[in-house]
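Summary of structural features
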Amino acid sequence: ERMPENFTINELDLFSHYFFYELLELWDWKLDQRFISMPRFARDLTEDGKELLSMNNVLNYLLDSYKPLINKADLQFMHAMKAEKWQIYTAKVRGMLVTQPGKAPSTIRIDHLDRHDDEDKNKKKLRFPEIVHFGLKPSQLCYAGNAEYQ
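Residues numbered from 1 in each chain as written. Predicted model: local features only at pLDDT ≥ 70, side-chain atom pairs only at ≥ 80, totals over all residues. Heavy atoms only, no water.

Structural notes on the overall build of the chain
Formally: Secondary structure elements follow DSSP: runs of H or I no shorter than four residues count as helices, runs of E no shorter than two count as strands, and numbering proceeds from the N terminus. Per-residue accessibility, obtained with a 1.4 Å probe over protein chains only, is compared with the maximum for each type, and a residue is labelled buried under 20%, exposed over 50%, and partly exposed between these values. Throughout, a contact is declared for two residues whenever any of their heavy atoms are within 4.5 Å. Using the Shrake-Rupley algorithm and a 1.4 Å probe, accessible areas are obtained, with residue cover drawn only from the displayed protein chains.
Check the secondary structure of the chain and you find five helices and six strands. Each helix and strand of the chain, ordered N terminal to C terminal, gives the series α-β-β-α-α-α-β-β-β-α-β. Out of the 150 residues belonging to the chain, those deemed buried represent 21%. Restricting the contact set of the chain to residue pairs at least 6 apart, pairs at least 24 apart contribute 46%. Of the accessible surface of the chain, which amounts to about 12400 Å², a share of 55% is contributed by carbon and sulfur atoms.

Overview of the environment of P39
Note that P39 resides in the loop between helix 1 (9-23) and strand 1 (42-45). Residue classification places P39 among the buried positions, given a relative accessible area of 16%. With sequence-adjacent residues up to four places away left out, P39 is seen in contact with L12, F15, M55 and V58.

Some details on a nonpolar patch on the surface
Quick note on the threshold: A patch consists of residues exposed above 30% relative accessible area that lack any salt bridge, with like charges linked at up to 9 Å and nonpolar side chains (Val, Leu, Ile, Met, Phe, Trp, Tyr) linked at up to 5 Å. Any Lys or Arg side-chain nitrogen found within 4 Å of a carboxyl oxygen on Asp or Glu counts as a salt bridge.
On the surface, Y18, L59, Y61 and L62 cluster together into a nonpolar patch covering about 370 Å² of accessible area. Within the fold, L62 resides in helix 2 (residues 55-65).

Considering unusual backbone geometry
Cis geometry marks the peptide bond from A104 to P105, where omega comes out at -10 degrees. For P105, the position within the fold is in the loop between strand 3 (97-99) and strand 4 (107-109). In this model, E25 sits at a positive phi of 55 degrees, which is unusual for a non-glycine residue. With respect to the helices and strands, the residue E25 is situated in the loop between helix 1 and strand 1.

Considering the pairing of strand 2 (residues 49-52)
The line we're drawing: Note on pairing: DSSP must find at least two bridges between two strands before they are called paired.
Bridge count for strand 1 against strand 2 is four bridges, and the pairing is antiparallel. Bridging from a neighbouring strand, L45 pairs with G49 of strand 2. Here strand 1 folds back onto strand 2, and the loop between the two strands holds three residues, one of which, E47, carries a positive phi near 60 degrees.

Section: the nonpolar core
Stated formally: Put simply, a nonpolar core is a bunch of buried Ala, Val, Leu, Ile, Met, Phe, Trp, Tyr and Cys residues held in one set by side-chain atoms that sit within 4.5 Å of each other.
Counting residues in hydrophobic clusters, the biggest one holds nine residues: I70, L75, M78, M81, W86, V93, V98, I110 and L113. Of all the secondary-structure elements, those providing two or more residues to this core are helix 3 (75-80) and helix 4 (83-93). When near neighbours in sequence (up to four residues on either side) are disregarded, L75 contacts I70, L126, R127, F128 and P129. In terms of nonpolar packing, the next biggest core, distinct from the first, is built from five residues, F7, L12, F15 and M55 among them.

Regarding the side chain of D111
Here is the rule we go by: For this analysis, a polar contact is any N or O atom pair within 3.5 Å, provided that within protein one partner can donate a hydrogen and the other can accept it, and provided that sequence-adjacent residues contribute only side-chain to side-chain pairs.
With respect to the helices and strands, D111 occurs in the loop between strand 4 and strand 5 (112-114). Residue D111 is classed as buried on the basis of its relative accessible area, which comes to 15%. Among the polar contacts made by the side chain of D111, one reaches the side chain of R109 at a distance of 2.7 Å. For D111, the side chain forms a polar contact with the side chain of H133, separated by 3.3 Å.

Encoded structure:
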């Protein structure tokens, strides 16, 4: 494969620092400049060609995507949505990273988006859906093997 164009090593280092340390908070992951992460944003060209886009396009995509998952104004519409439409919406956002600066962890992957229709109808209060992330906890940090907690 040819060496990609439209990038510099410095901008890839800056992007890697932002993505891995600031967004994903992988502070103990040291690459020591031996490896360079390069997001591969491409566009299709005519006659089955592809062009790798520059980091400018990657950053523009991230900036354009930085918006609330569900706006407060859309809550009524979201709760009135039929189950089939809700499944289509959740399929679109499944696997996306969502971030809330100041929280720990600040960024998680959406594995499931859960709305509580039955509870909300009884309380007459609209709530934002809950983001579900199926994370793994090391066995040393959980109570699963401790008989005292079973």
